[in-house]
Amino acid sequence: MTVLVTGATGNVGRYIVEELVRTGHNVRALTRNPAKANFPKEVEVVYGDLASPESLVPVLKGVTSMHLITFNSEGFGPLQTGPEIVELAKKAGVERVTVLWSGVNGPVEQAVEASSLEWTFLQPPPEFMSNTLIWAESIRSEGIVKEPFADSLDAMIHPADIGSVAATALTNTGHAGKIYTLTGPEVLTIPEKVRTISAAIGKDIQFVELTEEQARERMRNKGAQEDVIDFVVGWHANPPKSAYTVVPTVEQVTGRPARTFAQWVSEHVQYFKNQ
């Protein structure tokens, strides 16, 4: 069995690769820049671009399971090539697929769900614990975190837990046709996250709340599309109940409890400390 992981160098993809290697599976990691992939020698690193499906033809040879992302790395909008990718996967003999939900029912989701593939959708909250790494520079240099919507609640998840669920679904039966809602084990506000980091690094961190327009402008400066900005801002301004409702799916699927934010911070404490 060869498992293809798309988005392999991303926050979640790396953990899927790591978990598959740990459990003894053959892993093929797809990236647009193989030279910078930096994976263990057991991992077969290959070039491919989901926005150019023809590049996947040689990559899919011998693949039985595949993890798919659903966004385009250019502008972070929904990937439009879902039907082509699914057709190529079926022709190559792929049987099982996991899909990392993008927050919208886009072309990839629709094509996978309509296909004969054994699919599993992974629906994590919009906030991953790793997202807080964007605070590291300002914490180190100024001892400050700037974000909008201070009271917004979310049950953010450790990317490794998404990776564990994906690896389990890709290599075991019993997950076909399932939509797995995933969360971390606790609900936190932004100031609570800041306090957790502060305690871990032994440094007082100030929290400054941005206005909505300041937040939008910051995302524009990073190249995000307006529809993506609208989605992100809307979600945080008025998060759906599902965003802050803890569910036990991670433990039910993997047999291991979901990691806490304090655990994640302890693994990455050096990123937040002065270097």
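Everything below is about the structure printed above this text.
Residues numbered from 1 in each chain as written. Predicted model: local features only at pLDDT ≥ 70, side-chain atom pairs only at ≥ 80, totals over all residues. Heavy atoms only, no water.

Mind showing me how you'd approach the environment of Gly10 here?
Its location among the elements puts Gly10 in the loop between β1 (2–5) and α1 (11–22). By relative accessible area, which is 29% here, Gly10 ends up partly exposed. Along the primary structure Gly10 and Glu95 are separated by 85 residues, whereas in three dimensions their C-alpha atoms are 24 Å apart. (Helix = DSSP H or I, 4+ residues; strand = E, 2+ residues; numbered from the N terminus. Buried < 20%, exposed > 50% of the residue type's maximum accessible area, 1.4 Å probe, protein only.)

What is the right way to look at the layout of surface pockets in this model?
Over the atoms, a rolled probe matching the size of one water molecule traces out where space is still vacant. Taken as a whole, the second largest pocket encloses approximately 200 Å³ of empty space. Considering the residues around the second largest pocket, the lining is formed by Thr9, Gly10, Asn11, Arg14, Tyr15, Glu18, Ser130, Leu133, Pro159, Trp264, His268 and Tyr271. By residue number, the principal contributor to the lining of the second largest pocket is α1, which donates 4 residues. Its residues assigned to classes, the lining of the second largest pocket shows 5 nonpolar, 5 polar and 2 charged. (1 Å grid on protein atoms, 1.4 Å probe; cavity = no way out; pocket = protein on both sides within 12 Å on 5 of 7 lines; lining within 4 Å. Points joined across faces, edges and corners; volume = space filled by probe spheres on them. Nonpolar A, V, L, I, M, F, W, Y, C, P; charged D, E, K, R; others polar.)

I'm lost on the pairing of strand β4 (residues 63–68) in this one. Help?
On a regular strand, one side chain projects to one face of the sheet and the next to the other, so that they alternate. For β4, the tally of buried residues reaches 5 of 6 residues, placing the bulk of the element in the interior. For β1 and β4, the ladder comprises 4 bridges, and the chain directions are parallel. Considered in β4, the bridge of Val3 is made with Ser65. Sheet analysis places β4 next to strand β5 (residues 96–100), joined by 4 bridges and oriented parallel. Paired with Leu68 across the two strands is Val99, which belongs to β5. (Pairing = 2+ DSSP bridges.)

Can you walk me through the packing of helix α7 (residues 212–221) against helix α8 (residues 226–237) in this structure?
The description of two packed helices rests on the angle between their axes and on the distance between the axes. The geometry of α7 relative to α8 is characterised by a closest axis approach of 10 Å and an angle of 140 degrees between their N-to-C directions. The orientation of α7 with respect to α8, classified from their angle, is oblique. Once α7 is placed against α8, the crossing between them reads as right-handed. Contacts between α7 and α8 involve Glu212, Arg216, Met219 and Arg220 from the former and Glu226, Ile229, Asp230, Val232 and Val233 from the latter. Counted by class, the contact of α7 with α8 contains 4 nonpolar, no polar and 5 charged residues. (Axes fitted to C-alpha atoms, helices over the stretch in contact; angles between N-to-C directions. Parallel < 35°, antiparallel > 145°, perpendicular 65-115°, else oblique. Left-handed = near helix turned anticlockwise from the far one by under 90°. Contact = heavy atoms within 4.5 Å.)

Before we go on, may I ask you to explain the pattern of salt bridges in this structure?
Working definition: two side chains of opposite charge can pair if their charged atoms are close together. By the definition in use, this model includes 13 salt bridges. What emerges from the salt-bridge pattern is a single network uniting Glu213, Glu217, Arg220 and Glu226. (Salt bridge = Lys/Arg side-chain N within 4 Å of Asp/Glu carboxyl O.)

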